[in-house]
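# Report on the structure
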Amino acid sequence: MKEIYLDYNATTPLDPRVFDAMIPFLKEMYHNPSSLYKNSKFTKSAIEESREKIASLIGASPKEIVFTGGGSESDNHAIKGTAFSLMEKGKHIITSSIEHHAVLNTCKFLEKIGFEVTYLPVNKHGIVDPESVRDAIRDDTILISIMYANNEIGTIEPINKIAEIAQENGILFHTDAVQAAGKIPIDVKDIGVDMLSLSAHKFYGPKGVGALYIRKKLRIDSLIHGGMQERGKRAGTENISGIVGAGKAAEIAINEHAVEKEKIKPLRDRLERELKKRIPDILINGHPEKRLYNTLNIAVKYVEGEGILTFLDFEGISVSSGSACASGSLDPSHVLLAIGVPVEHAHGSLRFSLGKYNTEDDVNKLIEVLPGIVEKLRFMSPLWKSNAV
Ligand SMILES: *Cc1c(COP(=O)(O)O)cnc(C)c1O
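As the structure is a computational prediction, the values presented were derived from the model and not from experiment.

## A closer look at the overall build of the protein chain
For the protein chain, the helix and strand inventory stands at 13 helices and 13 strands. Taking the principal axes of the C-alpha coordinates as reference, the protein chain spans close to 75 × 55 × 35 Å. A total of 389 residues make up the protein chain; the buried ones form 55% of that total. In the protein chain, of all internal contacts separated by at least 6 residues, the share reaching a separation of at least 24 is 74%. For the protein chain, the exposed surface amounts to about 16700 Å²; the carbon and sulfur share of it is 55%.

Here you go:
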């Protein structure tokens, strides 16, 4: 059975052109970029070309890009690096309650070693109110970290406004743009952000490689100490093939993101319309408009998301449920609870996230099978029987 993959926010397949660009650096071009013979000049310049491509994806200059081991490392670097370098000045950090765990658990760690963190609430659409950011600022606030777009519900945050507030108050601003990069045009100068995280495998690049934008002249502590790779900001022999893949993926995103959106958004919109029409008692989670064009998160009342996920899996359809992000645990998602979805409905949540390899047929298949699965599960559910009259 052919898989129907509808989980692009979890990870994307590698674009074949990215794969082709990477292969030489896994075979004959293996030379350490720090060495001095001519073959190492090739690998060194391949890294610098990739840096330029990543920089142009977000309107940065190449010197402002540090390659990392992925989105999680970029988030850790930005937050811990700022905390460690500014702890004399203050120990208060502001973030939101719907961040990715790479941000939330980094903040939790910092709390253990004496930092204080404010986790801002969001409204029912998942929006952080910029005024609540302003109100949370204290004399000892050193960092504001608010995500660009949420991975579970797709809500896009008012980060321009939040950046402005941070700037007015002389506080550093970091944004986790892992879900935005490659989907939405980003201009770091225009936003006025100090640090921005991205990850290649969320836009058809390889896993285990990401980047952190650090604004020119901003100095924060490093996480990985050692050699002088990445201008001393991230030691260790470079993941050359990964970095080349990330650069190629960025180049493709720059050239093709508009076309991809034209293709994906109508599919997502049709999926949303048809499911609303065919399945009674479902809720749409996330902002109706300020939302990633590929993401649809629904709460199916009176059933378990895990159950639906299993039946979809039998049909070859891969999606995420509302508890998948706390992987292994069946706790409902912190994001859904933060937007006020009642626990019992959060348990029945599903995330569909589409990408450029999805077709009309993929969406048709889902529209065709999901109503039946829900009906079957509801028929067996005591919750449904007591609610349906
Ligand atoms: C996937 C994701 C991350 C983590 O990125 P990795 O490259 O998997 O470490 C961080 N933040 C958001 C919003 C994500 O979607």
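## Examining helix α6 (residues 159-168)
Looking only at α6, the buried set comprises Ile 159, Ile 162, Ala 163, Ile 165 and Ala 166. Axial view of α6: buried residues confined to an arc of 160 degrees, hence all on one face. Of the surrounding secondary structure, the elements contacted by the buried residues of α6 are α5 (130-136), β5 (141-145), β6 (172-176) and α7 (188-191). Positive backbone phi, at 65 degrees, marks Gly 170, one or two positions downstream of α6.

## Details of the sheet that holds strand β9 (residues 282-285)
Ordered in space as β9-β10-β13-β12, the four strands form an open sheet in which the pairing is antiparallel. Every interior strand has two partners, whereas the edge strands, β9 and β12 (320-321), have only one. Summarising the sheet, β9 and strand β10 (residues 295-300) pair through four bridges and their orientation is antiparallel. Bridge pairing in β10 places Leu 283 opposite Ala 299. Together, β9, β10 and β13 (349-353) form the strand contacts of helix α8 (residues 240-278), whose direction differs from that of β10 by roughly 15 degrees. Strands in contact with helix α9 (residues 305-314) are β10, β12 and β13; relative to β13, the strand with the most contacts, it is inclined by about 45 degrees.

## Overview of empty space enclosed by the protein
The final tally for this structure, using the stated rule, is three cavities of 30 Å³ or more. There is about 80 Å³ of room inside the largest cavity. Lys 183, Lys 202, Tyr 204, Glu 260 and Tyr 293 are, among the 13 residues lining the largest cavity, the residues nearest its centre. Its residues placed into classes, the lining of the largest cavity shows six nonpolar, four polar and three charged. Inspection of the lining of the largest cavity shows a minimum of three residues originating in each of domain 1 (4-11 + 258-388) and domain 2 (16-253).

## Here's the deal with the layout of surface pockets
What the largest pocket holds in volume is close to 330 Å³. Contributing to the lining of the largest pocket are 21 residues, with Asn 9, Ala 10, His 100, His 201 and Lys 202 lying nearest its centre. In terms of residues, the lining of the largest pocket owes the most to one element, helix α3 (residues 71-86), which gives three residues. Split by residue class, the lining of the largest pocket holds seven nonpolar, nine polar and five charged. Of the domains in this structure, domain 1 (4-11 + 258-388) and domain 2 (16-253) are the two that each give at least three residues to the lining of the largest pocket. Reported here for the second largest pocket is a volume of approximately 220 Å³.

## A short note on the sheet that holds strand β7 (residues 195-199)
With mixed pairing, the seven strands of this open sheet are ordered in space as β2-β8-β7-β6-β5-β3-β4. Pairing within the sheet leaves two strands with one partner each, and these edge strands are β2 (65-68) and β4 (116-120). On average, each strand axis in the sheet is inclined to that of its neighbour by 20 degrees, with strand direction left out of account. Where β2 meets strand β8 (residues 210-214), four bridges bridge the pair, whose relative direction is antiparallel. Pairing of Ile 65 across the sheet is with Tyr 213, part of β8.

## Observations regarding the domain arrangement of the protein chain
As assigned here, the protein chain comprises domain 1 (4-11 + 258-388) and domain 2 (16-253). For domain 1 versus domain 2, the separation of C-alpha centres amounts to 29 Å. With 28 residues of domain 1 in contact, the opposing surface of domain 2 contributes 30 residues. Across the interface of domain 1 and domain 2, roughly 2400 Å² is buried in total on both sides, 57% from carbon and sulfur atoms. When the area that domain 1 buries against domain 2 is broken down by residue, the three leading residues are Leu 292, His 334 and Ile 339, summing to 23%.

## Some points on the packing of aromatic side chains
Enumeration over the complete set of coordinates arrives at four aromatic pairs. Geometrically, the ring pair formed by Phe 311 and Phe 314 is edge-to-face, given 5.7 Å between the ring centres and 85 degrees between the ring planes. With Phe 311 and Phe 314 both in helix α9 and three residues apart, the pair spans about one turn of that helix. On the basis of relative accessible area, Phe 314 is assigned to the exposed category, the value being 56%.

Rules and cut-offs
Residues numbered from 1 in each chain as written. Predicted model: local features only at pLDDT ≥ 70, side-chain atom pairs only at ≥ 80, totals over all residues. Heavy atoms only, no water. Helix = DSSP H or I, 4+ residues; strand = E, 2+ residues; numbered from the N terminus. Buried < 20%, exposed > 50% of the residue type's maximum accessible area, 1.4 Å probe, protein only. Contact = heavy atoms within 4.5 Å. Areas by Shrake-Rupley, 256 points an atom, 1.4 Å probe, with all protein chains shown as cover. Arc of directions from axis to C-beta. Pairing = 2+ DSSP bridges. Axes fitted to C-alpha atoms, helices over the stretch in contact; angles between N-to-C directions. 1 Å grid on protein atoms, 1.4 Å probe; cavity = no way out; pocket = protein on both sides within 12 Å on 5 of 7 lines; lining within 4 Å. Points joined across faces, edges and corners; volume = space filled by probe spheres on them. Nonpolar A, V, L, I, M, F, W, Y, C, P; charged D, E, K, R; others polar. Domains from an automatic or database assignment. Buried area = accessible area lost by both parts, 1.4 Å probe. Phe/Tyr/Trp six-rings, centres within 6.5 Å; stacked < 30°, edge-to-face > 60°.

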